[in-house]
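Residues per chain, in single letters:
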Amino acid sequence: MAKKKTIRTIPQERTPVQEQDPKERARNFEEVSLGYRLEEALVEAERCLMCADEPCVRGCPVSIDIPGFIRKLTEKHYHGAYDIITDTNLLPSICGRVCPQESQCEGVCTVGETLEPVAIGRLERFVGDMAIKEGWANIPYIEPNGYRVGIVGAGPAGMACAADMAKAGCEVVVYEAFHQPGGVLKYGIPDFRLPNDVIDAEIEKLRKLGIRFECNTLVGRLFTIEQMVTEMGYHAVFIGTGAGYPSFMGIPGESLNGVLSANELLTRANLMRARDFPKYDTPLQPGKRVTVIGAGNTAMDAMRVSMRLGAEKVMCVYRRSKTEAPARVEEVHHAEEEGIEFNWLTSPIELLGDAKNNVRAMRCIRMELGEPDSSGRRKPVPVPGSEFEIETDMVVFAIGTNANPILGQTSKLKLNKWGYIETDDSLATSIAGVYAGGDIVTGAATVIQAMGAGRKAARGMKAYLGLRDSDCVYATDTDDPAGRRFGILADEHNFARVRLL
Amino acid sequence: MQPANSSFEIVAREDFSDVTFLLEVKHPMLAKAARAGQFVIVMEREEGERIPLTIADFDRDAGTITLVIQAVGKTTREMQQNCRVGTTLFAVVGPMGIPSHIGGKKKVVCVGGGLGVAPIFPQARAWKESGAYVIGILGFRNRGLVFWEDKFRAVCDELILCTDDGSAGIKGLVTEGIKQAVAKHSDIEELVAIGPPVMMKGCAEATRPHKIRTMVSLNPVMVDGTGMCGGCRVKIGDIVKFACVDGPDFDGHLVDFDDLMSRLGRYKVAEKEALERFQESCRIRGDGAPEPAAALDRPSTDG
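Residues numbered from 1 in each chain as written. Chains lettered and ligands numbered in written order. Predicted model: local features only at pLDDT ≥ 70, side-chain atom pairs only at ≥ 80, totals over all residues. Heavy atoms only, no water.

A.B. asks: Please explain a negative patch on the surface as it appears in this structure.
C.D. replies: Taken together, the side chains of Asp53(A), Glu54(A), Asp65(A), Asp87(A) and Glu113(A) make up a negatively charged region of the molecular surface. Inspection of the secondary structure puts Asp53(A) in the loop between α2 (38-45) and α3 (55-59). (Patch = residues over 30% accessible without salt bridge, like charges linked within 9 Å, V, L, I, M, F, W, Y side chains within 5 Å. Areas by Shrake-Rupley, 256 points an atom, 1.4 Å probe, with all protein chains shown as cover. Salt bridge = Lys/Arg side-chain N within 4 Å of Asp/Glu carboxyl O. Lys, Arg positive; Asp, Glu negative; His and termini not counted. Charge placed at Lys NZ, Arg CZ, Asp CG, Glu CD. Helix = DSSP H or I, 4+ residues; strand = E, 2+ residues; numbered from the N terminus.)

A.B. asks: Is there a simple way to think about the interface of chain B and chain A in this case?
C.D. replies: The parts lose accessible area when they come together, and the size of an interface is often stated as this lost area. Taken together, the contact between chain B and chain A spans 59 residues of the former and 51 residues of the latter. For the pair chain B and chain A, the two sides together bury roughly 4300 Å², of which 54% comes from carbon and sulfur. Summed over the shared surface of chain B and chain A, the number is two salt bridges. Linking chain B with chain A are 17 residue pairs in polar contact (both at pLDDT 80 or more). For the side of chain B that touches chain A, the elements supplying multiple residues, two or more each, are α1 (28-33), α2 (74-82), β7 (91-96), β14 (233-236), β15 (239-242), α7 (243-246), α8 (257-264) and α9 (268-285) of chain B. Residue composition of the side of chain B that touches chain A, by class: 26 nonpolar, 14 polar and 19 charged. (Contact = heavy atoms within 4.5 Å. Buried area = accessible area lost by both parts, 1.4 Å probe. Polar contact = N/O pair within 3.5 Å; in protein donor to acceptor, adjacent residues only side chain to side chain. Nonpolar A, V, L, I, M, F, W, Y, C, P; charged D, E, K, R; others polar.)

A.B. asks: Can you walk me through the state of the cysteines in this structure?
C.D. replies: Structurally, a disulfide amounts to a covalent bond that connects the sulfur atoms of two cysteines. Residues and elements named next belong to chain A. Per the stated rule, a full pass over the model turns up zero disulfides over all chains. Sulfur of Cys161: no disulfide; nearest cysteine sulfur belongs to Cys170 and is 9.3 Å away. Residue class for Cys161 comes out buried when judged on its relative accessible area of 0%. Looking at Cys316, it has no disulfide partner, and the nearest cysteine sulfur is the one in Cys364, 11 Å off. (Disulfide = S-S within 2.5 Å. Buried < 20%, exposed > 50% of the residue type's maximum accessible area, 1.4 Å probe, protein only.)

A.B. asks: Even after reading the chapter, I still don't get the packing of aromatic side chains, so can you show me in this structure?
C.D. replies: The description of an aromatic ring pair rests on the distance of the ring centres and on the angle between the ring planes. Taken as a whole, this structure holds 16 aromatic pairs over all chains when the rule is applied. Between Tyr175(A) and Tyr234(A), the aromatic rings sit 6.2 Å apart at their centres with planes inclined by 90°, giving edge-to-face as the arrangement. Of the two residues, Tyr175(A) sits in strand β3 (residues 171-175) while Tyr234(A) sits in the loop between α11 (225-230) and β5 (236-239), which places them 59 residues apart along the sequence. The buried category is assigned to Tyr234(A), whose relative accessible area is 2%. An aromatic cluster is built from Phe16(B), Phe121(B), Phe140(B), Phe147(B), Trp148(B) and Phe152(B), whose rings are joined through pairwise contacts. Above the face of the Phe29(A) ring, Arg275(A) is positioned so that its terminal group lies 4.5 Å from the ring centre. The positively charged end of Arg125(B) is found above the aromatic ring belonging to Phe58(B), 5.4 Å away from the centroid. (Phe/Tyr/Trp six-rings, centres within 6.5 Å; stacked < 30°, edge-to-face > 60°. Lys NZ or Arg CZ within 6 Å of the ring centre and 35° of its normal.)

A.B. asks: Whenever I open this one, the sheet that holds strand β1 (residues 8-15) of chain B confuses me. Can you help?
C.D. replies: Strand pairing in a sheet is mediated by backbone hydrogen bonds. Such pairs are either parallel or antiparallel. Residues and elements named next belong to chain B. The sheet built from seven strands is open, its strands ordered β6-β1-β2-β5-β4-β3-β7 with antiparallel pairing. On the outer flanks of this sheet lie β6 (88-89) and β7, each paired with one strand and no other. In terms of strand pairing, strand β2 (residues 20-26) meets strand β5 (residues 64-70) through seven bridges, oriented antiparallel. Bridge pairing in β5 links Leu23 to Leu67. Sheet strands touched by helix α3 (residues 117-129): β4 (51-59) and β5. Its angle to β4, the strand with the most contacts, is close to 40°. (Pairing = 2+ DSSP bridges. Axes fitted to C-alpha atoms, helices over the stretch in contact; angles between N-to-C directions.)

A.B. asks: Which parts of the structure should I look at to understand unusual backbone geometry?
C.D. replies: Phi is mostly negative for residues that are not glycine, and the peptide bonds are mostly trans. All names here are of chain B. The peptide bond linking Gly94 to Pro95 adopts the cis configuration, its omega dihedral lying at 0°. Checked against the element boundaries, Pro95 lands in strand β7. Note that the residue after Gly247, namely Pro248, is joined by a cis bond; omega there is 10°. Topologically, Pro248 is positioned in the loop between α7 and β16 (249-251).

Dropping the structure here:
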């Protein structure tokens, strides 16, 4: 074992990752970041101090043993690194790409206090991609326990919950309304950020755990949540349907042709492959001058997709300033590199159409930042007399979503006043045995937060079913509500029913 | 117990005209769950688009649902050509939308025109089952295109056929039929209309002076059908609603039909391109869809 590393002895510079040239990539759907090569990954792995504190583990919503897997990398024990990650996260190739690491593990990295933090996300992706390339799949020996678990929604929350319940020995069926599993990973996040074959490879691993995916199934309407519990024999159910229902602003002209939600644009382009029209049948009238309202990750995706669909000019309109933009820094940076024009402190007030009801321009007003509002961000206020027009033939709303109403319409689930599903701390809903997590509980968030919620619900569901790890500690005074109720510490880290073959 | 999740078998097909055809699809769970007023989204094949189709009928015993399709665009033309008994559809998902609210009324009128004739049938049947006196009004271009007359007679207390040329029933649009019905019955409590937007608009205008509650079923452009894309947003009075999850039934007196019609055309350029390519490929293969050019010349009935 090498002697203890210090901040002085580690490589000082964060290892850069190869990226496609911005000019070229802005016109194709190939992945932007090419990922670390082996030698780059090994250099970056050396930058981890293996500090005793491990703030990164606490910064990770699913608590991956980050120093542990990086240590395996430095030892060139790649499969070992993969084993450690998949102990808590079955989907490293996805999370390595789409997690906002700068506000999670990397944001609290000890090295980051002095230098650039260790590129944990890139290392995670490296390990995940190597596993896909080498065909590794950690298929545990699973002893069936006779319990049946139904999962509603094959997105990140549902996938994470399904994996944990399958590993615990449950028979798991995941229902998906679309014709392919993956949820937002498939319809929302574009290929150049997360290629479809990576998602499919990760889903294949879930299938190998015995999880069954049933697509084309609209739960709530084909059968209800209550039916799953009472008629279909599910002992526990998890709802991870996502938020859905996109918001518009309610300004004049929103129903003009050429005005759509980011969800519609992205679903057409990504899942339905309108970008390969006419080989694929789904149409998408590409705009020449595209304006996207909003500055979150979805807005960045919508802009960068529009660019790749052949737009001459793509503009972002956001009522606050760059500092307040909710998108990941890296996403804004990539968008800027690709030539997207940002109109900060600008708010649309009206969409103007031509004689054929096609949008032709957006009337905007300049904003300035006033006093901080309830979110702590400075509230944008209009500058009187600063109205102006932007010429545009496609307007995309990426200003967030509201709760999808289907399960509220079709079940007795208790909802909060915004229509999201109400849960307790263990993510149990008002119906016994039914749990929920992800955007349909919290409103729009990130992929990894949804995965974290899926895993948290799985802990609650296991406690509910009385499933436990033989190694687990009996505790009566833990803060964990599941633990309190059943006298079981719900840390299933070394779940007894899972033995690696 | 498990729903079939892929490959949905077509067990029957019937052609009503050179553009309108019926498919019966095996899907026992869907047949069990379906109620009048709901719709499904269908993909013919993996590279296809997702198209919403109103459920025209369902047979819970046989485990089938019935779809009536008008071959007007590329996808529906292709389905007309490829969907045979024994073949399968790549995806069928549903039932979607809020079921029609049926019951509590003594006398109702059910109006179907064009593509709306088939989906008005389960409504008429459900109203009949609820104990209402049902007046059916069906619109066709001419006698040769009339279908399901017997089925309707079986569930309607009165049936008024309307044809453009008067070759069957009365001459004129369904609004003529509504005029007759309203003149004869002063106690009509509700009218349900399904058909092209321009027809539903006409129906709503015909009943407005009489203050008869009028429900219409909207079928705008959709992708997912689950409330996720917002492509199907429609103006109901001053409020924007998503037809897929807030509808598809809305108060016809509040619907902004002009907005709906304008929005139905928003992918017209691409749709036209796809159709032309399809017809070209049919010509090259020599297995063309029945008279595609002739069918194109006809006024489209889906708005």
